[in-house]
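Overview (structure and organization)
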Amino acid sequence: MEIWSFLTFLLVGILILKYLKQLWSSRNYPPGPFQLPFIGGLWRIGRTFNRDTFTKLAKQYGNIFTIWVGSYPVVVLSGYQAVKEGLINHAEEFGERPVTPTTKAMCKKRGIMTTNGHTWRQQRWFGQATLRKLGLGKKYAEHVIEEEALGIVEVFARTKGHPIDPVVPMTSAIFKVICGVIWGNQFYPSEEENQKIIEHLATFVKFGDSIFYVLYEMFPRLMEHFSTPLSSAIAKIDKAISLLKQEIAKHKEHEMQHDPQDFSDFYLYQIEKTKSDPDSTFNEDNLAQCILEFLAAGTETTASALQWALLRMATHPDIQDKVHKEMEESLGTSQSICYQDRKKLPYTNAVIHEVVRAKYVFPLGVARRTTKDVTMYGYSIPKRTIVLADLASVLLDRKQWETPEEFNPNHFLDKDGHFVAREEFLPFGAGTRVCPGEQLARMELFLFFTHLMRAFRFQFPEETGEMTKAPVLGFTFHPQPYKICAIPRSDSSQEKLK
Ligand code: HEM
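Residues numbered from 1 in each chain as written. Predicted model: local features only at pLDDT ≥ 70, side-chain atom pairs only at ≥ 80, totals over all residues. Heavy atoms only, no water.

Checking UniProt for the chain, the heading Subcellular location (unreviewed entry) contains the comment "Membrane". Entered under Cofactor (unreviewed entry) in the UniProt record, the comment concerning the chain runs "heme". (UniProt positions renumbered as here; feature names shortened; annotations may be inferred.)

Spelled out as structure tokens, the structure:
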């Protein structure tokens, strides 16, 4: 009995000492909620992420604060000045991604989003340069987007003004754009294969939203002994990767490498070119991971932004009519719309930017990690600390935006109605890890939105009650499910606008 009492005292003593050591070592970090044993400052967050919590914490502790997740410090940057100071002025020091138990198990140090160092530099440089080539240089992506935008106009036209939930058609059209950029038009995976990949990705996203994700990050060794959704999520990711590898093999059979047409052609050519370089990280494992990341990062984000856009147009018919009128006056009878046309459509362009600002789809971006000890605003942030840039706080920053809580396209217009690019507009992050798909996403948003606005007036079905405004947090912030009517624009309605 005595030995058990002694061991219990010893264990409690060790835990108390560990806890006190943690409290002591946290004294130089930016301030934050009091740390309780085991859970740290998580008691202030609750089970699900809520924007107001971060706003309240920034108000209480300032624009840089620390939340302890168990014994791990997470430093949060809030508001434009702090995010700019961190991600742009300290770009190198804040330039890594955390390597956590989950990212290691799922991404296996491949691809762009969760890698660091040499692999990240090579994959990122190549990925970004190729997306740019396909998008802006050859106008290839623009062509793919236009086709899908016309496709979705057809889907809405077939509803003949009856209510439709836009989520599935919108997500599938955006998914196809990314597929078109990756695989080209000729060698497209079948609908069935695409569906399987979408399902595998959904399981992964669901795991990311669950409490098991947090528990696994905090206590990986302990959680390995339990059957959790992590093992199923890893299995799904592995299945998605093997499906993508089958597609890569089919692509190779067509020997397009010497006249590259799409992302996989360019990548396969790069593997060939660098095969005798011992430092090359170009291989099919990394290619499959990059493709998976483009599909995951590029689909729900853009589709959510477009869902918000339709919702906003239905709640602001005056703005919707102004957009349509500008398009009629500036584009006239021109059949096709191209990305360059945004210069002729300052109001429409401002509306699209305002949708993305006011309904940030990726509120906390993707976590960063410090590459060395950093001093910021007088606080010491040690090497390898996890940092979150609260991008939503930048897009809603009262010091930067005239009416941050309102949907106000004037945020992006000068007094003469010219479009103004704002440096506080950071929905794609900033610095060395800024979203490499930004150009593609901007093109998609512009072309999908304008094609839809030209063809339809969007309004809620008559029976729609009060809409719940709170967004749903999944991989992104997206609207609560809703139905909308796409009423074809008739000549008479166009006349009325004039
Ligand atoms: C509206 C659409 C999109 C939004 C709002 C968005 C937002 C973001 C944000 C906030 C980050 C983190 C940036 C940072 O750490 O500073 C990111 C990273 C990333 N995004 Fe996007 N994104 C969008 C579309 C896309 C598309 C279309 C693709 C690819 C086809 C893409 C691929 C990626 C990748 C690979 C990363 C990781 C970059 C790295 O770690 O170096 N995203 N995105």
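The sheet built from four strands is open, its strands ordered β1-β2-β6-β3 with mixed pairing. Whereas interior strands pair on both sides, the edge strands pair on one side only; in this sheet they are β1 (64–69) and β3 (368–369). In this structure, β1 lies alongside strand β2 (residues 72–78), joined through six bridges in antiparallel fashion. Residue pairing in the sheet places valine 69 in a bridge with tyrosine 72 of β2. (Pairing = 2+ DSSP bridges. Helix = DSSP H or I, 4+ residues; strand = E, 2+ residues; numbered from the N terminus.)

For the rest of this paragraph, the subject is the packing of helix α6 (residues 140–158) against helix α7 (residues 167–183). Packing of α6 against α7 leaves a shortest axis separation of 9 Å and a crossing angle of 155 degrees. As far as their axial angle goes, α7 and α6 are roughly antiparallel. Taken as a pair, α6 and α7 cross one another with a handedness that is right-handed. Residues Tyr140, Ala141, Val144, Ile145, Glu148, Ile152 and Val155 of α6 form the contact with α7, whose own contacting residues are Pro169, Met170, Ala173, Lys176, Val177, Gly180 and Val181. (Axes fitted to C-alpha atoms, helices over the stretch in contact; angles between N-to-C directions. Parallel < 35°, antiparallel > 145°, perpendicular 65-115°, else oblique. Left-handed = near helix turned anticlockwise from the far one by under 90°. Contact = heavy atoms within 4.5 Å.)

Of all hydrophobic cores here, the largest spans 95 residues; its most connected members are Phe156, Leu295, Leu310, Phe448, Leu452 and Phe458. Core analysis: the second largest hydrophobic core is formed by 19 residues, Ala82, Leu87, Leu391 and Leu426 among them. (Core = buried A, V, L, I, M, F, W, Y, C linked by side-chain atoms within 4.5 Å. Buried < 20%, exposed > 50% of the residue type's maximum accessible area, 1.4 Å probe, protein only.)

Moving on to the packing of aromatic side chains. For the structure on display, the rule yields 17 aromatic pairs. Both rings, one in phenylalanine 126 and one in tyrosine 267, keep their centres 5.3 Å apart while their planes meet at 90 degrees; by these two values the pair is edge-to-face. Taken together, the positions of phenylalanine 126 in helix α5 (residues 117–137) and tyrosine 267 in helix α12 (residues 263–273) put the pair 141 residues apart, joining distant regions of the chain. In terms of burial, phenylalanine 126 and tyrosine 267 fall into one category: buried. Seen in terms of ring centroids, tryptophan 401 and phenylalanine 412 are 5.5 Å apart; in terms of plane orientation they differ by 50 degrees. Their pairing is tilted. One end of the pair, tryptophan 401, is in the loop between α16 (391–395) and α17 (438–455); the other, phenylalanine 412, is in the loop between α16 and α17, and 11 residues separate them in sequence. (Phe/Tyr/Trp six-rings, centres within 6.5 Å; stacked < 30°, edge-to-face > 60°.)

Mapping glutamine 270 onto the fold places it in helix α12. Beyond its immediate chain neighbours, meaning those up to four positions away, glutamine 270 contacts Trp125, Phe126 and Phe282.

On to the coordination of the iron atom of the ligand. Here the protein supplies the iron atom of the ligand with just one donor, Cys435 (SG), and that contact is 2.3 Å long. Structurally, cysteine 435 can be placed in the loop between α16 and α17. (Donors = N, O, S within 2.8 Å, 3.2 Å for Na, K, Ca; no water.)

Further remarks concern the pattern of salt bridges. A complete count under the given rule lists 18 salt bridges for this structure. The salt bridge involving lysine 252 is made with glutamate 284; its shortest N-O contact spans 2.6 Å. Here lysine 252 is found in helix α11 (residues 229–253), whereas its partner glutamate 284 is found in helix α13 (residues 284–315), with 32 residues between them in sequence. By relative accessible area, lysine 252 is classed as partly exposed at 35%. (Salt bridge = Lys/Arg side-chain N within 4 Å of Asp/Glu carboxyl O.)

Quick look at the site of the ligand now. Within the structure, the ligand sits among 26 residues, and Arg97, Trp120, Arg124, Arg368 and Cys435 are positioned closest to it. Arginine 97 has a polar side-chain atom sitting 2.9 Å from an oxygen atom of the ligand. One of the side-chain nitrogen or oxygen atoms of tryptophan 120 is found 2.9 Å away from an oxygen atom of the ligand. Elements with a minimum of two residues in the shell around the ligand: α5, α13 and α17. With five residues, α13 is the largest single contributor of residues to the shell around the ligand. Residue composition of the shell around the ligand, grouped by class: 16 nonpolar, six polar and four charged. (Near = heavy atom within 4 Å. Polar contact = N/O pair within 3.5 Å; in protein donor to acceptor, adjacent residues only side chain to side chain. Nonpolar A, V, L, I, M, F, W, Y, C, P; charged D, E, K, R; others polar.)

Moving on, we come to the UniProt feature "binding site: heme" (unreviewed entry) in the chain. Look at the UniProt record and you will see "binding site: heme" (unreviewed entry) annotated at Cys435. Take cysteine 435: its relative accessible area is 30%, and that puts it in the partly exposed class.

Right, let's talk about α6 for a bit. In a regular helix each residue adds 1.5 Å, so 19 residues correspond to 27 Å; α6 covers 28 Å between its end C-alpha atoms and thus fits that length. Residues of α6 that are buried: Tyr140, Ala141, Glu142, Val144, Ile145, Glu148, Ala149, Ile152, Val153 and Phe156. Lysine 160, located one to two residues past α6, shows a positive phi value of around 50 degrees. (Expected span 1.5 Å × (residues − 1).)

Our next topic: the side chain of threonine 450. Here threonine 450 is to be found in helix α17. Discounting chain neighbours no more than four positions away, the residues touching threonine 450 are Met327, Ile337, Leu345 and Thr348.

Next up on the list: the packing of helix α14 (residues 317–331) against helix α15 (residues 346–358). The contact between α14 and α15 brings their axes to 8 Å, and the two run at 140 degrees. Between α14 and α15, the crossing angle belongs to the class labelled oblique. When the axes of α14 and α15 are compared, the crossing they make is left-handed. Listed contacts from α15 to Ile319, Lys322, Val323, Glu326 and Met327 of α14 are Pro346, Tyr347, Thr348 and Val351. Tallied by class, residues from the contact of α14 with α15 come to six nonpolar, one polar and two charged.

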